[in-house]
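Chain and residue survey
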Amino acid sequence: MSNTQENFSTNNHQYDHTIDREVEVELASPWNRISAYIINNLLLTLVALIGCIPAFIFVKFFLQSESVDTIVISSIIWISISLLVFAIFQFRQMSKTGQSFGKRLMGIKVIGIDGQNPGFVGTVLLREGVFNIIDKIISVILVFIFVHLFNFPEIAAEFLFYLLPFICLIMLFRKSTNQRTLQDYLARTIVIKAEK
């Protein structure tokens, strides 16, 4: 449940009436959220693999080259194009509906804590982009500290790259915080079951 505030406007006069109303929502189960995450990552991998097909065709039939450099560069270009198209589709869907492909399949969606659609800024920019940048920066700093200052073996420090995702996984099961994860707090969002 979340509280919202409403502003009413009538005949060009604005009356600011703050109405606390509770919006009844059903939280998405942790398992649905985990499943949506797995589906999105499997789909991302599939799109990257599909991007290899035009790369192979382009190199084999149009360039008629067997140079490893040509194959690698062509593969990188075609995979990047396919991933860019996939990202644009996912970002558009997340901005409009609060649902990625995985979330749509699992019947869940992201909303703001005010009950509204957080749009591009909330669902894509903050929740996905900024959070992933913060995650990578913290991970690199932690690995650097543990490897160079505390002389941890690099292999042992690799687990630090998964520290924030692991914290988010634990947070998914905390009912007292409405199962909000770090990215939910950053973007002021919550994940709920979508209406059918």
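Use the structure listed above.
Keep in mind that what you see is a predicted model, and the values were worked out from it rather than measured.

In this section: the overall build of the chain. Each helix and strand in the chain was counted, giving 7 helices and 6 strands. Counting from the amino terminus, the chain carries its helices and strands in the arrangement β-β-β-β-α-α-α-β-α-α-α-α-β. Here the chain holds 196 residues, and 31% of them are scored as buried. Looking at the chain as shown, the accessible area adds up to about 13100 Å², and 66% of this sits on carbon and sulfur atoms.

Below, the discussion takes up the nonpolar core. Residues Ala28, Ala36, Met94, Ile108, Val110, Val124 and Val191 constitute the largest nonpolar core, which totals 7 residues. Discounting residues that sit within four places of it in the chain, Val110 has contacts with Met94, Gly98, Lys103, Pro118, Thr123, Arg127, Thr189, Ile190 and Val191.

Our next topic: the pattern of salt bridges. This model, assessed by the stated rule, comprises 6 salt bridges. We note a salt bridge from Glu128 to Arg127, for which the minimum N-O separation is 3.4 Å. Assessed through its relative accessible area of 29%, Glu128 is described here as partly exposed. By relative accessible area, which is 3% here, Arg127 ends up buried.

All right, on to helix α2 (residues 68-97) then. Compared with an ideal rise of 1.5 Å per residue, which puts 30 residues at 44 Å, α2 spans 43 Å between its outermost C-alpha atoms and is within 8% of the ideal. Among all positions of α2, only Ser74, Ser75, Ser82, Phe86, Gln90, Gln93, Met94 and Ser95 are buried. Taken from the residues just after α2, Gly98 is the one with a positive phi, measuring 75 degrees.

Attention now moves to the pairing of strand β6 (residues 189-193). Counting buried positions over the 5 residues of β6 gives 4, a clear majority of the element. Of the pairings in the sheet, the one linking strand β5 (residues 108-112) to β6 comprises 5 bridges and is antiparallel in character. The residue bridging Lys109 from the neighbouring strand is Ile192, located in β6.

Further remarks concern the packing of helix α4 (residues 119-149) against helix α6 (residues 163-171). Contact pair α4 / α6: the axes reach a minimum separation of 9 Å and the direction vectors enclose 125 degrees. When the interaxial angle is binned, α4 and α6 end up oblique. Across the interface between the two elements, Phe131, Asp135, Ile138 and Leu142 from α4 touch Leu163, Leu164, Pro165 and Cys168 from α6.

Under the criterion given, the structure shown has 1 aromatic pair. The interplanar angle of 65 degrees and the centroid separation of 5.3 Å between the aromatic rings of Trp31 and Phe173 together place this pair among those described as edge-to-face. A residue pair is termed long-range when its members are at least 10 positions apart, and Trp31 in helix α1 (residues 30-63) and Phe173 in the loop between α6 and α7 (182-187) qualify at 142 residues. Sitting over the face of the ring of Tyr185, Arg180 holds its NZ or CZ atom 4.3 Å from the ring centroid.

Attention now goes to α4. Here α4 is 31 residues long and its end C-alpha atoms lie 42 Å apart, about the 45 Å a rise of 1.5 Å per residue gives. In α4, a bend of some 40 degrees at Leu125 exceeds every other bend along the element. Along α4, the residues classified as buried are Gly119, Gly122, Thr123, Val124, Arg127, Phe131, Asp135, Ser139, Val143 and Val147. Just beyond α4, the residue with positive phi is Asn151, at close to 55 degrees.

Right, let's talk about the side chain of Gln179 for a bit. By the element assignment, Gln179 lies in the loop between α6 and α7. Excluding anything up to four places from it in sequence, Gln179 contacts Leu27, Ala28, Pro30, Arg33, Met171, Leu172, Arg174 and Asp184.

As for its placement among the helices and strands, Ile57 is situated in helix α1. Sequence separation of Ile57 and Ser74 is 17 residues, and the distance between their C-alpha atoms is 10.0 Å.

What follows deals with the side chain of Asp184. With respect to the helices and strands, the residue Asp184 is situated in helix α7. A polar atom in the side chain of Asp184 sits 2.9 Å from the side chain of Thr189.

Here we take up unusual backbone geometry. Of note, Gln179 is a non-glycine position whose phi angle comes to about 55 degrees, a positive value. Judged by its relative accessible area of 6%, Gln179 is buried. Residue Arg188 is not a glycine yet carries a positive backbone phi of 55 degrees. Structurally, the position occupied by Arg188 is in the loop between α7 and β6.

Calculation criteria
Residues numbered from 1 in each chain as written. Predicted model: local features only at pLDDT ≥ 70, side-chain atom pairs only at ≥ 80, totals over all residues. Heavy atoms only, no water. Helix = DSSP H or I, 4+ residues; strand = E, 2+ residues; numbered from the N terminus. Buried < 20%, exposed > 50% of the residue type's maximum accessible area, 1.4 Å probe, protein only. Areas by Shrake-Rupley, 256 points an atom, 1.4 Å probe, with all protein chains shown as cover. Core = buried A, V, L, I, M, F, W, Y, C linked by side-chain atoms within 4.5 Å. Contact = heavy atoms within 4.5 Å. Salt bridge = Lys/Arg side-chain N within 4 Å of Asp/Glu carboxyl O. Expected span 1.5 Å × (residues − 1). Pairing = 2+ DSSP bridges. Axes fitted to C-alpha atoms, helices over the stretch in contact; angles between N-to-C directions. Parallel < 35°, antiparallel > 145°, perpendicular 65-115°, else oblique. Phe/Tyr/Trp six-rings, centres within 6.5 Å; stacked < 30°, edge-to-face > 60°. Lys NZ or Arg CZ within 6 Å of the ring centre and 35° of its normal. Bend = angle between axes of the 7 residues up to and from the residue. Polar contact = N/O pair within 3.5 Å; in protein donor to acceptor, adjacent residues only side chain to side chain.

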